[in-house]
Amino acid sequence: MSAPAVVWFRNDLRLADNPALTAAARSGAPIIALYVLDDESAGEWRMGSASRWWLHHSLTALAHDLARLGVTLTLRRGRAEFVLENIVADAGAGAVYWNRLYEPWAMRRDSEIKSQLRARGVMVESFNGSLLFEPGGLRNKQGEPFRVFTPFWRACLAAEAPDAPLPAPKKLTAAPPPASDALADWRLLPTKPDWAGGLRETWRAGERAALERLAEFAKKRVRDYKIDRDFMAREGVSRMSPHLHFGEVSPRRIWAEITEAAGDAGAAYLREIGWREFCHHLLVANPQMPERALDERFRDFPWREDAAALEAWRIGQTGYPLVDAAMRELWITGYMHNRARMVAASFLVKHLLIPWQEGERWFWDTLVDADLANNSGGWQWVAGCGADAAPYFRVFNPVLQGEKFDPEGDYVRRYVPELARLDARHIHCPWEAPEEVLRAAGVRLGETYPRPIVDHAKARDRALKAFEATRG
Ligand code: FAD
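Residues numbered from 1 in each chain as written. Predicted model: local features only at pLDDT ≥ 70, side-chain atom pairs only at ≥ 80, totals over all residues. Heavy atoms only, no water.

In the vicinity of the ligand lie 29 residues, with Y225, S238, R239, N338 and D369 positioned nearest. A distance of 2.6 Å is found between an oxygen atom of the ligand and a side-chain nitrogen or oxygen belonging to Y225. At 2.8 Å, a backbone N or O of D369 approaches a nitrogen atom of the ligand. Burial of the ligand by the protein chains amounts to 95% of its free accessible area of 820 Å². (Near = heavy atom within 4 Å. Polar contact = N/O pair within 3.5 Å; in protein donor to acceptor, adjacent residues only side chain to side chain. Areas by Shrake-Rupley, 256 points an atom, 1.4 Å probe, with all protein chains shown as cover.)

Formed by 138 residues in total, the largest nonpolar core has its most connected members in F9, Y269 and W313. Element by element, the count of residues in this core is highest for helix α15 (residues 338–351), at eight residues. In this structure W313 touches T318, V323, M327, A344, F347, L348, L352, G359, W362, F363 and W379, once residues within four positions along its chain are discounted. If you look at the next biggest cluster of nonpolar residues, it comprises 18 residues, including V6, A80, A93 and I113. (Core = buried A, V, L, I, M, F, W, Y, C linked by side-chain atoms within 4.5 Å. Buried < 20%, exposed > 50% of the residue type's maximum accessible area, 1.4 Å probe, protein only. Helix = DSSP H or I, 4+ residues; strand = E, 2+ residues; numbered from the N terminus. Contact = heavy atoms within 4.5 Å.)

Attention now moves to the pattern of salt bridges. A complete count under the given rule lists 27 salt bridges for this structure. Linking E212 and R204 is a salt bridge whose minimum nitrogen-to-oxygen distance equals 2.6 Å. Since its relative accessible area comes to 43%, E212 is described here as partly exposed. One network of salt bridges, in which partners are shared, links R10, D38, R109 and D110. (Salt bridge = Lys/Arg side-chain N within 4 Å of Asp/Glu carboxyl O.)

Cis geometry marks the peptide bond from K192 to P193, where omega comes out at -10°. Checked against the element boundaries, P193 lands in the loop between α6 (149–158) and α7 (197–202). The backbone of D17 shows a phi angle near 45°, a positive value even though the residue is not glycine. For D17, the location among the structural elements is in the loop between β1 (5–9) and α1 (19–27). Of note, the phi angle at R239 is positive, near 55°, even though the residue is not glycine. When its relative accessible area of 24% is taken as the criterion, R239 is described as partly exposed.

What follows concerns the packing of helix α12 (residues 267–285) against helix α17 (residues 372–383). Close contact between α12 and α17 brings their axes to 8 Å; oriented N to C, the two are set at 95°. Judged on the interaxial angle alone, α17 and α12 are roughly perpendicular. On α17, the residues touching W275, R276, C279, H280 and L283 of α12 are L372, A373, N374, G377 and W381. Class assignment for the residues of the contact of α12 with α17 results in six nonpolar, three polar and one charged. (Axes fitted to C-alpha atoms, helices over the stretch in contact; angles between N-to-C directions. Parallel < 35°, antiparallel > 145°, perpendicular 65-115°, else oblique. Nonpolar A, V, L, I, M, F, W, Y, C, P; charged D, E, K, R; others polar.)

Another point: the environment of V222. Considering the arrangement of structural elements, one finds V222 in the loop between α8 (207–220) and α9 (225–228). The exposure class assigned to V222 is buried, which follows from its relative accessible area of 2%. In sequence terms V222 and A261 are 39 residues apart; their C-alpha atoms lie 8.6 Å from each other. Apart from the residues within four sequence positions on either side, V222 is in contact with F217, I258, A262, A265, G266 and Y269.

Let us now look at the packing of aromatic side chains. Applying the stated criterion across every chain yields a total of 31 aromatic pairs. Between the aromatic rings of W54 and F246, the centroid separation amounts to 6.3 Å while the plane-to-plane angle is 10°, which identifies the pairing as stacked. Placement of W54 in helix α3 (residues 49–68) and of F246 in the loop between α10 (241–245) and α11 (251–262) is noted, with a sequence separation of 192 residues between them. On the numbers, 5.5 Å between centres and 20° between planes, the contact of F298 with F301 is stacked. Of the two residues, F298 and F301, both sit in the buried class. By the ring-pair criterion, three or more aromatic residues cluster together here, those being F146, F149, F152, W153, W255, W275 and F278. Seen from the ring of Y335, R341 lies directly overhead, with NZ or CZ sitting 5.3 Å from the centre. Sitting over the ring of W45, R361 keeps its end group 4.1 Å from the ring centre. (Phe/Tyr/Trp six-rings, centres within 6.5 Å; stacked < 30°, edge-to-face > 60°. Lys NZ or Arg CZ within 6 Å of the ring centre and 35° of its normal.)

This next bit is on the packing of helix α4 (residues 80–91) against helix α5 (residues 104–119). At their nearest, the axes of α4 and α5 sit 10 Å apart, and the two run at 30° to each other. On the basis of the axis angle, α4 is roughly parallel to α5. The handedness of the crossing between α4 and α5 is right-handed. Here A80, E81, L84 and V88 of α4 come into contact with α5, specifically with R109, I113, Q116 and L117. By residue class, the composition of the contact of α4 with α5 is five nonpolar, one polar and two charged. (Left-handed = near helix turned anticlockwise from the far one by under 90°.)

With five bridges joining them, strand β4 (residues 95–99) and strand β5 (residues 123–127) adopt parallel strand pairing. Paired with W98 across the strands is S126, a residue of β5. (Pairing = 2+ DSSP bridges.)

Before going further, it helps to spend a moment on the sheet that holds strand β2 (residues 31–37). Spatially, the five strands line up as an open sheet ordered β3-β2-β1-β4-β5, and their pairing is parallel. Two strands bound the open sheet, and with one partner strand each, they are β3 (73–77) and β5. Between one strand and the next, the sheet's axes are offset by a mean angle of 25°, whatever the strand orientation. Pairing geometry for β1 and β2, over five bridges, is parallel. Bridging from a neighbouring strand, F9 pairs with Y35 of β2. On the sheet, α4 packs against β1, β2, β3 and β4 and is oriented at approximately 160° with respect to β2.

And the structure:
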């Protein structure tokens, strides 16, 4: 038997369109399938709690799918460089294959691992399995990485189209599997308290679930996406984000299926996949993006420290129904609608003047789709301190946003049940409702539901003054 090849799975927890797996299978070598939980290398960006919940289920699904092809998924915990060194040495492996990651800590780690393995005579091959276009390949007219989305996306659309997705291998040859940790011992699932009930009700992880969701979206909803995507109570968006983050489906597959199902009518949706692409390219060009504002003028921004306000925001008790619904959707389901993300994030940064990094951290721990590039990109965009950011004077008004994008109030009713009996006219601004309307709806402001923790008009003025200081 020839020397085994290690396929190192990371955020590519799938069999179809997995270039690393396909290359290993084509090499004819017997395969060792490996996943390493490497919290040490990730450091402060180790996976948050909701992501760990997802990972548990996604690994279960992957192990199941690999087992059907006769391959055991080996699980190991620790520094990836040591784990790989041991596995390669013990198994006498001759090659290691993986799909690339783009988090700065992972890029540093992986390039060291690559050099070390190659120095020992092990063949290493890495692939692009999670982006449509490799970062670094697209440049603006000045020959630099793009900092503005529209020309970036135009350049993507003008570039050579992404390759067609690869089929899942039909057959794999297994090498004797190395000893594996038991998944349960990693304790990725919460025990006491078990906060994952809403996640279990909302999601199914794994490649099969991802492909089913994509097929359903491509068939029934992508054509209405352009309009429906903004309405928080509708099923207008795809909810592909955790599947994409964990690589249960590739963006190339999405590109191909959406184009085939909808043609030009899929453009608005692919443009959002383009934002994902843009955030990753930005992160590679600006590895400081998760920690520091890309716009240098924000270095001395007069942020406030306000633990009570931050806590009210986190638990959805700000007194602004749309913000509270958004934050509770996040807590209950591990997901938040994109428009709600923009409004809730803007509220933290602009109404409360709390640093965007605080919000980024909270999202990191609570989102099932927590993604370093998209999350830091999203927060910097909302705060107005990113590369291609919302203008500083854009302060989302949570009441108007609610009236426009949740006109019946159903999104608020779903997540803020104490306001469920309020009519659509008052549900986004209960403090403006006449006393008898509140009484009839069973709402007692300050008791059953909080009064606003800041006044919108005053908070807006304060934010504009603070942000104007960065324009100098
Ligand atoms: P759809 O509308 O169906 O879009 C399809 C896919 O396109 C998404 O799954 C996602 O991969 C990509 N996409 C859509 N919008 C964006 C965007 N603005 N930026 C980057 N990619 C996008 N997205 C994450 O995946 N992880 C995060 O941690 C994350 N944090 C965010 C934080 C803030 C403050 C903001 C404003 C946005 C954040 N986003 C994040 C982007 C966006 O909100 C989510 O990708 C989207 O809501 C996921 O839902 P969906 O799959 O139904 O999206």
